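Commentary on secondary and tertiary structure
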Amino acid sequence: MAKYLVTGAAGFIGRSIAAELLKRGESVRGVDNFITGKRTNLAGLEGMEFIEGDLTNPQDCARACKEIEIVFHEAALASVPRSVKDPAGTNLHCVTATLNVLVAAREAGVRRVVYAGSSSAYGDTPTLPKKESMLPKPISPYAVAKLAGEQYMQAFSRVYGLETVTLRYFNVFGPFQDPTSHYSGVLAIFCRKMLAGEQPTIYGDGEQSRDFTFIENVVHGNLLAAEAPAQKVAGQMMNLATGSRITLNETFRILCDLTGYKGEPLYDEPRSGDIRDSLADIQLAGELLGYKPVVDFREGLRRTVEWYRQGSI
Ligand code: UD1
C-alpha cells in the first residue's frame, strides 16, 4: 500500500513531486482526471500506483486516500485567466475538490495533507515582499478559490486535528510545464515560442515582476513540509518561492540569450485579473521547514530551456 498520495499526479508539479518520492524509494499513489494533466507526464512514473479519478467525486477521493499517510494536494485548474472565463469550473475543481480530499483524508486516517496554495491570495497590494501575516486580498476567482482551499486546510487542522500545511507557491516553472495552452504559465509559453522562432506576447508593458520559482525548489519545500514536526507546521501556511523577483522584460532578454531568439516581443493589453508585482518573503519557510532555495532563477531557466529544446513536449 502506498504511503504517499499525490493529487494532480499527471500535472507539472504533481508529477515532479511523485518522481522525487519514487527516486527516494517511497511508495506513491497518484490520482488525476486529465483535465489539465497529461498522460505523457506519467512517463517515468511507472513505479507509481495510478488512479484515474476526479476529486469532485467523493468516492474517487475515498479510493485515492485509502491507507495513505501523507497527501500532496496539487490538483487544481491553475490559471488566473481560466478562472476569469469560468469561475464556477475553477470553484468546483479547486474548492469542492479540496474539501472532498480533506473529508476523505480525515475519514481514511491520513496524518498530513500538504496543500498547493497560491501567491495570488495576496492580490494586488503594493507592499513587497509579501509576508504571510498580510491580509489576503484575492482579485481573481482563481485566487479566491486557492485561498478558500487554504482556509479549509486550517479549519481541518483546528477542528479535526488533521495535520495540514499550506505552501503558497509563487509562479512555478520548469520541465513538464505544459506550454501549449494559452492558460499556461508565461515562461513555458515563452520557451516554446522563442525556441520555435515565434514571437511571444507580453501583456501590458512588461514591467510587471514575479518571483519565478524553479520546480526543484517547490519539490524540495514539499518534502520538507511532509517531514517537519507537527508542532511546528500543523495548521500553518507559508510562502514557497525564491525571495527575488524579475520583470517580464528582463526575463525576455535572458530568454533571447538562452534560446537564440532574435526578434522583439509583441506588446498587448494587460490581462484582466493580473497583479503587477509579486515577491515573497521566505523567512517563515526557513524557520519552520529549514527551507532555502536550491536552484536559482537563471539556472532554473537554463535547465528549462534545455528541456523544451530537447522537444520533450
Ligand atoms: C498566477 C499566480 C500563481 C499561480 C498562477 C497559476 C500571482 C502572483 N501568481 O500567476 O500563484 O500559480 O497564476 O497560473 O497571482 N503573460 C504574458 N504573456 C503570456 C502569458 C502571460 O505577458 O503569453 C503575463 C501575464 O499577463 C502576467 C505574467 O505574464 O502578467 C505571469 O502570468 P502567468 O504565468 O499566467 O502567472 P500569474 O498570473 O502571475
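Check the entry above for the structure.
Nothing here was measured: the structure is a model prediction, and the numbers come from that model.

**A few points about the packing of aromatic side chains**
On inspection of all chains with the given rule, the structure shows eleven aromatic pairs. Consider the rings of Phe173 and Phe297, whose centres lie 5.6 Å apart with planes at 65°: the pair is edge-to-face. Of this pair, Phe173 sits in strand 7 (residues 172-173) while Phe297 sits in helix 11 (residues 297-309), and the two are 124 residues apart along the sequence. Both residues of the pair, Phe173 and Phe297, count as buried. Between Phe252 and Tyr261, the aromatic rings sit 6.2 Å apart at their centres with planes inclined by 80°, giving edge-to-face as the arrangement. Like Tyr261, Phe252 is buried. Put simply, the rings of Phe173, Phe212, Phe214 and Phe297 pair up and form one aromatic cluster. Of note, Arg15 hangs over the ring of Phe176, and the distance from its end group to the ring centre comes to 3.7 Å. Lying across the ring of Phe34, Arg39 places its NZ or CZ 4.0 Å from the centre.

**Description of the side chain of Glu132**
Mapped onto the elements, Glu132 comes out in the loop between strand 5 (112-118) and helix 5 (141-160). Nearest to the buried, unbridged Glu132 among oppositely charged side chains is Lys131, at 7.3 Å. Polar contacts involving the side chain of Glu132 include one to the main-chain amide nitrogen of Asn239, which spans 2.8 Å. With sequence-adjacent residues up to four places away left out, Glu132 is seen in contact with Tyr122, Met237, Met238, Asn239, Asp281 and Leu284.

**Some thoughts on the site of the ligand**
Near the ligand, the surroundings consist of 23 residues, among which Ser118, Val186, Thr201, Arg210 and Asp274 are the closest. At 3.0 Å, a side-chain N or O of Asn171 approaches an oxygen atom of the ligand. Measuring from an oxygen atom of the ligand, one finds a side-chain N or O atom of Arg271 at 2.9 Å. In the complex, the protein chains occlude 93% of the 730 Å² of accessible area that the ligand would expose alone. Here the shell around the ligand is composed, by residue class, of eleven nonpolar, nine polar and three charged.

Definitions and cut-offs
Residues numbered from 1 in each chain as written. Predicted model: local features only at pLDDT ≥ 70, side-chain atom pairs only at ≥ 80, totals over all residues. Heavy atoms only, no water. Phe/Tyr/Trp six-rings, centres within 6.5 Å; stacked < 30°, edge-to-face > 60°. Helix = DSSP H or I, 4+ residues; strand = E, 2+ residues; numbered from the N terminus. Buried < 20%, exposed > 50% of the residue type's maximum accessible area, 1.4 Å probe, protein only. Lys NZ or Arg CZ within 6 Å of the ring centre and 35° of its normal. Lys, Arg positive; Asp, Glu negative; His and termini not counted. Salt bridge = Lys/Arg side-chain N within 4 Å of Asp/Glu carboxyl O. Polar contact = N/O pair within 3.5 Å; in protein donor to acceptor, adjacent residues only side chain to side chain. Contact = heavy atoms within 4.5 Å. Near = heavy atom within 4 Å. Areas by Shrake-Rupley, 256 points an atom, 1.4 Å probe, with all protein chains shown as cover. Nonpolar A, V, L, I, M, F, W, Y, C, P; charged D, E, K, R; others polar.

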